[in-house]
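Take a look at the letters that make up each chain.
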Amino acid sequence: MTARKPEIALALDVANQQEALAWVKKTKGLVDLYKVGLQLFTAEGPGLVKAIQKEGGKIFLDLKFHDIPQTVQKACESAAALGVDLLTIHALGGVNMMQAAAKVMQSNPLRIVAVTALTSHSEEAWQNQVGQKAALANDALRLAQNAKAAGLAGVVCSALEAKNLKTKLGDDFVLVTPGIRLSGGNADDQERVATPELAVQNGSHVLVLGRAVTESKEPCVVLQNIRNDIKL
Ligand code: C5P
């Protein structure tokens, strides 16, 4: 069996292209994917994606699309044309929407993954939105199963849920895990955190690192240590 190597994604949670490119230049060779989210993409647009690619960086475009199937399919086509490697949509957009997105993967080399339930939802908030009978953990699994059935490449999930999802959905289904923290590190506003080693043991394929790296005094040392710990 050849185990797939996990990938490190660095969340570029910064306001502008200048700051984003400074991180890309500084962390070259230590990061596999740069995560561009709503804040940065809304501020800087596709030009920023091109600028990171020019530096040799691969892009994880975290825009979490959620709209009618045709609109999402077209948006995924636009993302594919930008040459992004990884893209997020919302599983709550429905199976038809996910199937429409999955069609884009048939003719483009990108991986589209679904967000099941946002980690910012509490059980109470989830029930308030989805219905009194809703149960977050069950719903997250059901939404992940829908994502797989629709033909998507994987889901975004907590590293703590990854083990269960890997068992139920197989090793080829990509698990992207935010909320990674170093042992003894600050959890910030994340509730369900895991160390890089635990995330990989649980079956995570893409470890999303944000503040654990960007707020450290020596970000490159932290990244190198993580790579050593997970044998990259
Ligand atoms: O700084 P931190 O490691 O918490 O950053 C995690 C990154 O992953 C942020 O960009 C955050 O928006 C993103 N994310 C998350 N939880 C999700 C999906 C994305 O924390 N379910």
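Residues numbered from 1 in each chain as written. Predicted model: local features only at pLDDT ≥ 70, side-chain atom pairs only at ≥ 80, totals over all residues. Heavy atoms only, no water.

Peer 1: Got a minute to help me understand the packing of helix 7 (residues 136–149) against helix 8 (residues 159–169) in this structure?
Peer 2: A pair of packed helices can be characterised by two numbers: the angle between their axes and the separation between those axes. Between helix 7 and helix 8, whose axes approach to 11 Å, the crossing angle comes to 40 degrees. Taken together, the axis directions place helix 7 and helix 8 in an arrangement best described as oblique. Like other packed secondary-structure pairs, helix 7 and helix 8 cross with a definite hand, here right-handed. Taken together, the residues of helix 8 that come into contact with helix 7 (itself represented by Leu 141, Ala 144, Gln 145 and Lys 148) are Leu 165, Lys 168 and Leu 169. Within the contact of helix 7 with helix 8, the residues separate by chemical class into four nonpolar, one polar and two charged. (Axes fitted to C-alpha atoms, helices over the stretch in contact; angles between N-to-C directions. Helix = DSSP H or I, 4+ residues; strand = E, 2+ residues; numbered from the N terminus. Parallel < 35°, antiparallel > 145°, perpendicular 65-115°, else oblique. Left-handed = near helix turned anticlockwise from the far one by under 90°. Contact = heavy atoms within 4.5 Å. Nonpolar A, V, L, I, M, F, W, Y, C, P; charged D, E, K, R; others polar.)

Peer 1: I'm lost on the pattern of salt bridges in this one. Help?
Peer 2: A side chain with one charge may pair with a side chain of the opposite charge, provided their charged atoms come close. Tallying each qualifying case throughout the model produces 13 salt bridges. For Lys 35, the salt bridge is made with Asp 62, and the minimal N-O distance between the two is 2.8 Å. In this pair, Lys 35 sits in strand 2 (residues 33–37) while Asp 62 sits in strand 3 (residues 59–65), placing the two residues 27 residues apart along the sequence. Here Lys 35 falls in the buried class, since its relative accessible area comes to 11%. One salt bridge in this structure joins Asp 85 and Arg 111, with 2.5 Å as the shortest N-O distance. Taken together, the residues span a long stretch of sequence, with Asp 85 in the loop between helix 4 (69–81) and strand 4 (86–90) and Arg 111 in strand 5 (residues 111–115) at a distance of 26 residues. When sorted by exposure, Asp 85 lands in the same class as Arg 111, which is buried. (Salt bridge = Lys/Arg side-chain N within 4 Å of Asp/Glu carboxyl O. Buried < 20%, exposed > 50% of the residue type's maximum accessible area, 1.4 Å probe, protein only.)

Peer 1: Explanation requested: helix 5 (residues 95–106) in the structure shown.
Peer 2: Side chains that are three or four residues apart share a direction in an α-helix, a result of its 3.6 residues per turn. Taking 1.5 Å per residue as the helical rise, helix 5 with its twelve residues ought to reach 16 Å, and the 17 Å between its terminal C-alpha atoms agrees with that figure. Those residues of helix 5 lying buried are Met 97, Met 98, Ala 100, Ala 101, Ala 102, Val 104 and Met 105. On its buried face, helix 5 sits against strand 3, helix 4, strand 4, strand 5 and helix 7. (Expected span 1.5 Å × (residues − 1).)

Peer 1: What should I look at first to understand the site of the ligand in this one?
Peer 2: In the region of the ligand, the neighbouring residues are Ala 11, Asp 13, Lys 35, Lys 64, Thr 119, Pro 178, Arg 181, Gln 190, Val 208, Gly 210 and Arg 211. One nitrogen or oxygen atom from the main chain of Gly 210 is found 3.1 Å from an oxygen atom belonging to the ligand. One of the backbone N or O atoms of Arg 211 is found 2.7 Å from an oxygen atom in the ligand. Contact with the protein chains removes 84% of the 470 Å² of surface that the ligand exposes when unbound. (Near = heavy atom within 4 Å. Polar contact = N/O pair within 3.5 Å; in protein donor to acceptor, adjacent residues only side chain to side chain. Areas by Shrake-Rupley, 256 points an atom, 1.4 Å probe, with all protein chains shown as cover.)

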